[in-house]
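Report on the structure
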Amino acid sequence: VVETYFMPYGIDNEHYSVLGIIRNIKQITNEFSDEIVYNLTILCNDVTLNVAINSLDLHGEPKIGRRFKGIIWLQGHILF
């Protein structure tokens with residue numbers, strides 16, 4: 001059984017398909033659109049990722065210990 005994965009998605013090199021365990025949740029309100037945004041801390045293959053997702057695009061209710069599955073646009077740097 002696959003518990004987590006992190007692999008390229010499509011032809012663009014910044015899109016990744018991710019399955020990870022939710023470690024922390026922070027609910028934020030977008031001050032411009034008044035929409036709820038979740039800032040999730042995901043543990044995926046021993047790498048911690050921060051994922052921001054609009055509540056309208058999220059299926060289900062995020063809880064610590066549950067898994068997040070989605071396609072993300074990765075920005076930033078990874079230091080090993």
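Up top you'll find the structure we're talking about.
Calculation notes
- Residues numbered from 1 in each chain as written.
- Predicted model: local features only at pLDDT ≥ 70, side-chain atom pairs only at ≥ 80, totals over all residues.
- Heavy atoms only, no water.
- Helix = DSSP H or I, 4+ residues; strand = E, 2+ residues; numbered from the N terminus.
- Rg over C-alpha atoms; globule rule 2.2 N^0.38 Å.
- Buried < 20%, exposed > 50% of the residue type's maximum accessible area, 1.4 Å probe, protein only.
- Contact = heavy atoms within 4.5 Å.
- Areas by Shrake-Rupley, 256 points an atom, 1.4 Å probe, with all protein chains shown as cover.
- Lys, Arg positive; Asp, Glu negative; His and termini not counted.
- Charge placed at Lys NZ, Arg CZ, Asp CG, Glu CD.
- Core = buried A, V, L, I, M, F, W, Y, C linked by side-chain atoms within 4.5 Å.
- Salt bridge = Lys/Arg side-chain N within 4 Å of Asp/Glu carboxyl O.

**Regarding the overall build of the protein**
Along the backbone of the protein there are 0 helices and 5 strands. The N-to-C order of helical and strand elements in the protein reads β-β-β-β-β. Relative to the 2.2 N^0.38 estimate, which gives 12 Å for 80 residues, the radius of gyration of the protein is 13 Å and therefore close to what a compact globule would have. By its C-alpha atoms, the protein is 35 × 30 × 25 Å across when sized along the principal axes. In the protein, which comprises 80 residues, the proportion classed as buried is 30%. For the protein, restricting intrachain contacts to residue pairs at least 6 apart in sequence, the fraction spanning at least 24 positions comes to 43%. When the accessible surface of the protein is summed, it comes to about 6300 Å², and 52% of that surface belongs to carbon and sulfur atoms. Across the protein, the mean location of the 6 positive side-chain charges is 12 Å away from that of the 9 negative side-chain charges.

**Quick word on the nonpolar core**
Counting 13 residues, the largest nonpolar core has Val18, Leu40, Ile42, Leu49, Ile53, Phe68 and Ile72 as its most contacted members. Counting residues per element, the ones that place at least two in this core are β2 (15-29), β3 (36-44), β4 (47-54) and β5 (67-73). No other element matches β3, which puts 4 residues into this core.

**Quick notes on the pattern of salt bridges**
Opposite charge on two side chains allows them to pair when their charged atoms are near. Scanning all chains against the criterion turns up 1 salt bridge. The partner of Glu61 in a salt bridge is Lys63, and the shortest N-O contact between them spans 3.7 Å.

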